[in-house]
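# Examination of the molecular architecture
Okay, here's what each chain looks like letter by letter:
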Amino acid sequence: GAVVSQHPSWVICKSGTSVKIECRSLDFQATTMFWYRQFPKQSLMLMATSNEGSKATYEQGVEKDKFLINHASLTLSTLTVTSAHPEDSSFYICSARKTGRNEQFFGPGTRLTVL
Amino acid sequence: GDSVTQMEGPVTLSEEAFLTINCTYTATGYPSLFWYVQYPGEGLQLLLKATKADDKGSNKGFEATYRKETTSFHLEKGSVQVSDSAVYFCALSSPNNFNKFYFGSGTKLNVKP
């Protein structure tokens, strides 16, 4: 199989705090992971591409200082939303690509609510 | 740039009806095409895929054929079930664009008993 997990599945935080979301590939190694954001009833928007051992590549319009991405191992990438505000409330989904394959396996998503 | 256009929803059908969800794409080179399904509150699951022209992807009664001449990848199912109610996303990935995935806007399918 190719299972990707995310933790936490949901989180509520106060405005101004930081939140870390983990994305793990459970049964395969993923050189590349991706972070998406999904607003209600909308499609997924690619935020950044996370490569193991190197800096993430951010899509245009995504603030790299606000959405910190770390890909420290072949099975773990983290997204930290710094100084979160209510407009950061969204569904965040990660995906992982098996090395050598052009197919992404998606995590179940993390719903972030900022009060 | 690369993009995917899907028919807007929601699509409401009765059980056992025929389903078509249109998807067209714009891409450089020769992309791979995908259909993903998302159930409420969950992440995306790969439904089917096709990697080259004229390929037909199929899974769980769903089918889609990669048509390069019309740049389309329409999703079809001959007889839908209530359990098929979900949001369906068409997506492409192009090696000319670092294999990034681009998703359509999604089409919500409601199947009534």
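Residues numbered from 1 in each chain as written. Chains lettered and ligands numbered in written order. Predicted model: local features only at pLDDT ≥ 70, side-chain atom pairs only at ≥ 80, totals over all residues. Heavy atoms only, no water.

### Remarks on the pairing of strand E6 (residues 44-50) of chain B
Residues and elements named next belong to chain B. Sheet analysis places strand E5 (residues 32-38) next to E6, joined by 6 bridges and oriented antiparallel. Following the sheet pairing, Leu-33 is matched in E6 by Ala-50. Hairpin geometry of E5 and E6 is characterised by an intervening segment of 5 residues between the two adjacent antiparallel strands and by a positive phi of about 75° at Gly-41. (Pairing = 2+ DSSP bridges. Helix = DSSP H or I, 4+ residues; strand = E, 2+ residues; numbered from the N terminus.)

### Structural notes on the interface of chain B and chain A
With 19 residues of chain B in contact, the opposing surface of chain A contributes 17 residues. The interface formed by chain B and chain A includes 1 salt bridge. Between Lys100(B) and Glu59(A) there is a salt bridge, with the nearest N and O atoms lying 2.8 Å from each other. If you list the elements that add at least two residues to the side of chain B that touches chain A, you get E5, E6, strand E10 (86-93) and strand E11 (101-103) of chain B. Considered class by class, the residues forming the side of chain B that touches chain A number 8 nonpolar, 8 polar and 3 charged. (Contact = heavy atoms within 4.5 Å. Salt bridge = Lys/Arg side-chain N within 4 Å of Asp/Glu carboxyl O. Nonpolar A, V, L, I, M, F, W, Y, C, P; charged D, E, K, R; others polar.)

### So, a nonpolar patch on the surface
Residues and elements named next belong to chain A. A cluster of nonpolar side chains, contributed by Trp-10, Ile-12 and Leu-115, occupies part of the molecular surface with about 390 Å² of accessible area. By secondary structure assignment, the location of Ile-12 is in strand E2 (residues 10-13). Residue Ile-12 is classed as exposed on the basis of its relative accessible area, which comes to 51%. (Patch = residues over 30% accessible without salt bridge, like charges linked within 9 Å, V, L, I, M, F, W, Y side chains within 5 Å. Areas by Shrake-Rupley, 256 points an atom, 1.4 Å probe, with all protein chains shown as cover. Buried < 20%, exposed > 50% of the residue type's maximum accessible area, 1.4 Å probe, protein only.)

### Comments concerning the state of the cysteines
Taken as a whole and assessed by the stated rule, the structure comprises 2 disulfides over all chains. The disulfide partner of Cys23(A) is Cys94(A), and the S-S distance across this bridge is 2.0 Å. Classification of the bridge connecting Cys23(A) and Cys94(A) rests on its S-S torsion, roughly 80°, and on that basis the disulfide is right-handed. Here Cys94(A) lies in strand E9 (residues 90-97) and Cys23(A) lies in strand E3 (residues 19-25), a separation of 71 residues in the sequence. Judged by relative accessible area, Cys94(A) falls into the buried class, the value being 0%. Between the sulfur atoms of Cys23(B) and its disulfide partner Cys90(B) the distance amounts to 1.9 Å. Judged by the torsion about the S-S bond (-70°), the Cys23(B)/Cys90(B) disulfide is left-handed. Of this pair, Cys23(B) sits in strand E4 (residues 23-26) while Cys90(B) sits in strand E10, and the two are 67 residues apart along the sequence. With no disulfide of its own, Cys13(A) lies closest to Cys94(A) among cysteine sulfurs, the gap being 18 Å. The exposure class of Cys13(A) is buried, given its relative accessible area of 8%. (Disulfide = S-S within 2.5 Å.)

### Focus on the side chain of Arg37(A)
Residues and elements named next belong to chain A. On the secondary structure map, Arg-37 appears in strand E4 (residues 32-38). The charged side chain of Arg-37 is buried without a salt bridge, its nearest counter-charge being Asp-88 at 4.4 Å. A polar atom in the side chain of Arg-37 sits 3.4 Å from the side chain of Ser-90. Apart from residues lying up to four places away in sequence, Arg-37 is in contact with Ser-43, Leu-44, Met-45, Met-47, Phe-67, Glu-87, Asp-88, Ser-89, Ser-90, Phe-91 and Tyr-92. (Lys, Arg positive; Asp, Glu negative; His and termini not counted. Polar contact = N/O pair within 3.5 Å; in protein donor to acceptor, adjacent residues only side chain to side chain.)

### Examining the pattern of salt bridges
A side chain of one charge can pair with a side chain of the opposite charge if their charged atoms are brought near each other. Taken as a whole and assessed by the stated rule, the structure comprises 6 salt bridges over all chains. Notably, a salt bridge pairs Lys56(B) with Glu63(B), separated by 3.6 Å at the nearest N-O pair.

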